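One letter stands for each residue in the lines below.
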Amino acid sequence: MQSRWKIMSMRSLLLTLAATIVACVTIQINILATMSDRDDDSEDVVFQNSGFRRILERSVVASSSGAVTSSSSDVTDAGGTTKRTPSSELDVKTDGSSSTRGSSRRHGSLRYHYYKGWVASDQEDWTCDAQNEPDLLPEGDITRRAFHAVIIGAMKGGTQALMKAILSHKRMMNAGMLHGELHLLNNKGMMKNLREFKHPPDGSSVIRRRHLREGFEWLLRARDFDSEDDIAADVNADKLGIHSAPVYLFSGRSVPARLMCVAPWSRAIAILRNPIDRAFSHYNYVHKYIELHGETLFNGTRFEDFIYGDIWLLRKTGVLRDWQSEADFESFSGSAEEFRAWEMYLKHWELTGRPPGIWGPVGRGLYAIQIEIWVDETNKINRTDNLLILESEDFRGDGVGIYHRVAQYLGLERQKASRHVVGREHHRTVYVHDGMSEEIYTSLYELFRPYNKRLYKLLGKLGEDDWDGVWDKPRDVRREEG
Ligand SMILES: Nc1ncnc2c1ncn2[C@@H]1O[C@H](COP(=O)(O)OS(=O)(=O)O)[C@@H](OP(=O)(O)O)[C@H]1O
């Protein structure tokens, strides 16, 4: 009996050994095959050896030694002076969860309370009951007119110049506040107010389309879009409203979903700029912002720290990965996994408790992800004509041409462009730093390249063929050393 057991265990040992050998040989063959594949495929080099990989690696080093979103605290400025910065609120764990540390509570000011109302990607308990509550708003209804158009970003893409150009048309009026900005759809505080303003009669916490509409109407009246007197006098009876909120593009799925639910007739406009120039403008804006609002966190932060901090967060949340090949990148692109990582990334920025104006210097430039989300949401309501995507550099070069294109898209009658407004520069940043190093520029170029390519492809599918390669050659880049 014992010898039979011995024979059986010897046999199973031999079988396991044989299986292990076969597995090892297979893996080896696969590795060799992959390596030889890579030798043939020059595109893959981008993902393995180039600045793309370098910038990912450096983001870890930079973050652990003082970048914006990391938890460390010493930052050396361009002049070599080391400054103490407050440690970050954000503690991202490798499993993707996060927690806020004490410092977000440290901002006990009114400012903080104001900021904490901003929300990027909340999963609120609201439904779009579009089927039971069809779009019954008649032409001419105030809410319908107020939500005729919305500029959704990108931040630092020239949104204010575009807003001014559109508002110069006699049919258009500002439905927002200062600069036409009205962060109606991404503001948790406002959403809460709406809920309180019109709580559903059935007592549930679900906001339905018509409740949101009533809330919007109330808000717009409160903001004098149409005062009671104006309505009575019919002053703006034929006017159409536009508001701008550059953070909408960078707000995950909830903002386009809300817009498509409450104002499916609305026409969204995105104006996209070379993501490297956008990031650099963002950085300089943040410095200006510090001066204006007394925010001290970024004092002495170099451009590279600013961007590496965000890249670190993009990595931690799994938006950016160490792709080994272009095929790898492509199979991840647009996947549910990428979307989840993106939402988590937005959530983490939100948890910092800082205003959205500071969020995502690099993430905001990953346009492909953001535009895909918007296209997806517009497709859900079978609209393919309510998203216009403009190139910022085109607008700068041919303001009048773009003005007429936008007017046509908004269904406005042709009107001569005002030469005082259209084709002019508005809201230029006074740069506190002149430029970035060639190395940083190249690394960012490599990082954005696959996403730009993805964007060109997506826009090509939407019939916008002239995007191909627009940012492949540097334009308007301030590259002198700062
Ligand atoms: N006509 C025109 N066309 C294209 N771009 C223009 C135009 N006018 C201004 N600008 C540049 O736009 C940058 C500001 O962008 P935004 O207005 O979107 O900024 S913000 O998001 O509202 O803060 C800002 O860029 P920087 O100066 O590089 O920061 C402006 O100079």
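Basis of the calculations
Residues numbered from 1 in each chain as written. Predicted model: local features only at pLDDT ≥ 70, side-chain atom pairs only at ≥ 80, totals over all residues. Heavy atoms only, no water. Helix = DSSP H or I, 4+ residues; strand = E, 2+ residues; numbered from the N terminus. Buried < 20%, exposed > 50% of the residue type's maximum accessible area, 1.4 Å probe, protein only. Contact = heavy atoms within 4.5 Å. Phe/Tyr/Trp six-rings, centres within 6.5 Å; stacked < 30°, edge-to-face > 60°. Lys NZ or Arg CZ within 6 Å of the ring centre and 35° of its normal. UniProt positions renumbered as here; feature names shortened; annotations may be inferred. Polar contact = N/O pair within 3.5 Å; in protein donor to acceptor, adjacent residues only side chain to side chain. Near = heavy atom within 4 Å. Areas by Shrake-Rupley, 256 points an atom, 1.4 Å probe, with all protein chains shown as cover. Nonpolar A, V, L, I, M, F, W, Y, C, P; charged D, E, K, R; others polar. Domains from an automatic or database assignment. Patch = residues over 30% accessible without salt bridge, like charges linked within 9 Å, V, L, I, M, F, W, Y side chains within 5 Å. Salt bridge = Lys/Arg side-chain N within 4 Å of Asp/Glu carboxyl O. Lys, Arg positive; Asp, Glu negative; His and termini not counted. Charge placed at Lys NZ, Arg CZ, Asp CG, Glu CD. pLDDT = per-residue confidence, 0-100. Pairing = 2+ DSSP bridges. Axes fitted to C-alpha atoms, helices over the stretch in contact; angles between N-to-C directions.

Brief notes about the overall build of the protein chain
On a plain count of helices and strands, the protein chain comes out with 19 helices and 9 strands. Residue burial in the protein chain is summarised as follows: out of 482 residues, 52% are buried. Excluding contacts between residues fewer than 6 apart, the proportion of contacts in the protein chain whose partners are at least 24 apart in sequence is 78%.

Comments concerning the packing of aromatic side chains
One pass over the full model with this rule turns up 15 aromatic pairs. Seen from their ring centres, Y283 and F306 are 5.7 Å apart, and the 45° between their planes marks the pair as tilted. Of this pair, Y283 sits in helix α12 (residues 275-293) while F306 is found in helix α13 (residues 303-316), placing the two residues 23 residues apart along the sequence. On the accessibility criterion, F306 (1% relative accessible area) is buried. Taking the centre distance of 5.6 Å and the plane angle of 80° together, the rings of W467 and W471 count as edge-to-face. One exposure class covers both W467 and W471, and it is buried. One aromatic cluster is present, built from ring pairs that chain together F280, Y283, F303, F306 and Y431. Sitting over the ring of F339, R253 keeps its end group 4.4 Å from the ring centre. Sitting above the plane of the Y409 ring, R267 keeps its charged end 5.3 Å from the centroid.

Considering the UniProt feature "binding site: 3'-phosphoadenylyl sulfate" (unreviewed entry) in the protein chain
UniProt feature "binding site: 3'-phosphoadenylyl sulfate" (unreviewed entry): in the numbering of this structure it lies at R273 and S281. As for its position among the elements, R273 is in the loop between β8 (267-272) and α12. Overall, the relative accessible area of 11% leaves R273 in the buried class. Among the polar contacts made by the side chain of R273, one reaches the main-chain carbonyl oxygen of K156 at a distance of 2.9 Å. For S281, the position within the fold is in helix α12. The exposure class assigned to S281 is buried, which follows from its relative accessible area of 2%. Those residues in contact with S281 that lie beyond four places of it in its chain are K156, R273, T429 and Y431.

Digging into the site of the ligand
The full set close to the ligand counts 23 residues, and K156, T159, S281, T429 and Y431 are the nearest of them. Separating an oxygen atom of the ligand from a side-chain N or O atom of T429 is a distance of 2.4 Å. Protein chains bury 97% of the 650 Å² of accessible surface belonging to the ligand in isolation. Within the residue set of the shell around the ligand, elements represented by two or more residues are α7 (159-167) and α17 (392-397). The class makeup of the residues in the shell around the ligand is 6 nonpolar, 9 polar and 8 charged. Counting contributing residues, the shell around the ligand receives three or more from each of domain 2 (50-122 + 269-401 + 417-467) and domain 3 (142-151 + 160-268).

Remarks on a negative patch on the surface
A surface patch of negative charge is lined by D394, D398, D465, D466, D468 and D472. By the secondary structure assignment, D466 is in the segment after α19 (438-461). Its relative accessible area of 58% is what places D466 among the exposed residues.

Looking at the confidence of the model for the protein chain
Within the protein chain, residue pLDDT values average 71, and 55% of them lie at 70 or more. The model gives residues 24-50 a pLDDT under 50, and that stretch makes 24 contacts with residues more than four places away or in other chains.

So, the sheet that holds strand β7 (residues 240-244)
The 5 strands lie next to each other as β6-β7-β5-β8-β9, forming an open sheet whose pairing is parallel. Both edges of this open sheet fall to β6 (172-174) and β9 (387-391), since each of them pairs with a single strand only. Ignoring strand direction, the axes of neighbouring strands in this sheet form an average angle of 25°. Here strand β5 (residues 149-153) runs beside β8; their pairing, made up of 4 bridges, is parallel. What sits directly across from A149, in β8, is R267. Taken strand by strand, helix α18 (residues 399-409) contacts β8 and β9, and its axis lies near 175° from that of β9.

Here's the deal with unusual backbone geometry
Of the consecutive residues G153 and A154, the connecting peptide bond is found in the cis state with omega at 0°. Note that A154 resides in the loop between β5 and α7. Positive phi outside glycine occurs at K156, with the angle close to 70°. Relative to the helices and strands, K156 resides in the loop between β5 and α7. Unusually for a residue other than glycine, H427 sits at a positive phi of about 65°.

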